[in-house]
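Analysis of the macromolecular model
One letter stands for each residue in the lines below.
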Amino acid sequence: MPIRYGWITPLLGTGLLMSKLPPTIVDRRREAESLIEIARGLLDRPEEEMVVNYLDHAIEALNMIEPDSPSA
């Protein structure tokens, strides 16, 4: 399966673009994790393993940020 570089393509299948209310922090994180999982599924060649590792670290970093953090 080819890697898709368009940023809007993954959002079309999710609820983020269709939502009328601003997304909450929990919604945004859930959406980010969902998009990361989509990306991980698209990267299945051996030479892409490093990228998948970075995506795993991105999910871990999201989970380390406190929900009420000013940067969240």
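What you are looking at is a predicted structure, and each value in this text was computed from that prediction instead of being measured.

1. A short note on the overall build of the chain
On a plain count of helices and strands, the chain comes out with three helices and zero strands. The N-to-C order of helical and strand elements in the chain reads α-α-α. Out of the 72 residues belonging to the chain, those deemed buried represent 17%. Contacts spanning at least 24 positions in sequence make up 48% of the contacts within the chain whose residues lie at least 6 apart. For the chain, the accessible area works out to roughly 5800 Å², and carbon and sulfur atoms hold 62% of it.

2. Thoughts on the nonpolar core
Residues Ile-36, Leu-43, Val-52, Leu-55, Ile-59 and Leu-62 constitute the largest nonpolar core, which totals six residues. Look past the residues within four positions of Ile-36 in its chain and what remains in contact with it is Leu-55, Ala-58, Ile-59 and Leu-62.

3. Quick word on the packing of helix H2 (residues 25-42) against helix H3 (residues 49-64)
Where H2 contacts H3, the axes come no closer than 10 Å and their chain directions differ by 165 degrees. Here H2 is positioned roughly antiparallel relative to H3, judged by the angle of their axes. Both H2 and H3 take part in a crossing whose hand is left-handed. Counting all contacts with H2, which are made through Arg-29, Ala-32, Glu-33, Ile-36, Glu-37, Ala-39 and Arg-40, the residues of H3 involved are Val-52, Leu-55, Asp-56, Ala-58, Ile-59, Leu-62 and Asn-63. Partitioned by chemical class, the residues of the contact of H2 with H3 number eight nonpolar, one polar and five charged.

Thresholds applied
Within each chain, residue numbers correspond to sequence positions counted from 1 in written order. Note on the predicted model: pLDDT of at least 70 is required for a residue's local features to be given, and 80 or more for side-chain atom pairs to be given and counted; whole-chain, interface and lining totals, by contrast, use all residues. With hydrogens and water excluded, all non-hydrogen atoms of the structure serve as input to the side-chain values. Note on conventions: DSSP H or I runs of at least 4 residues are helices, E runs of at least 2 residues are strands, and numbering of each starts at the N terminus. The classification of residues rests on relative accessible area computed with a 1.4 Å probe and restricted to protein chains. Under 20% of the type maximum is buried, over 50% is exposed, and intermediate values are partly exposed. Here, two residues are considered to be in contact whenever any of their heavy atoms come within 4.5 Å of each other. Each accessible area value is a Shrake-Rupley result obtained with a 1.4 Å probe; residue values ignore everything except the protein chains displayed when judging cover. Among the buried residues, those of types Ala, Val, Leu, Ile, Met, Phe, Trp, Tyr and Cys that are joined through side-chain atoms within 4.5 Å form a nonpolar core. Axes here refer to lines fitted to C-alpha atoms; in helices the fit is confined to the stretch in contact. Angles between the N-to-C directions go from 0 to 180 degrees. The labels follow the angle: roughly parallel below 35 degrees, roughly antiparallel above 145, roughly perpendicular from 65 to 115, and oblique for the rest. When the near helix sits turned anticlockwise from the far one by under a right angle, the crossing is termed left-handed; a clockwise turn instead gives a right-handed crossing. Note that Gly is not counted as nonpolar here; it falls among the polar residues with everything else outside the nonpolar set of Ala, Val, Leu, Ile, Met, Phe, Trp, Tyr, Cys and Pro and the charged set of Asp, Glu, Lys and Arg.

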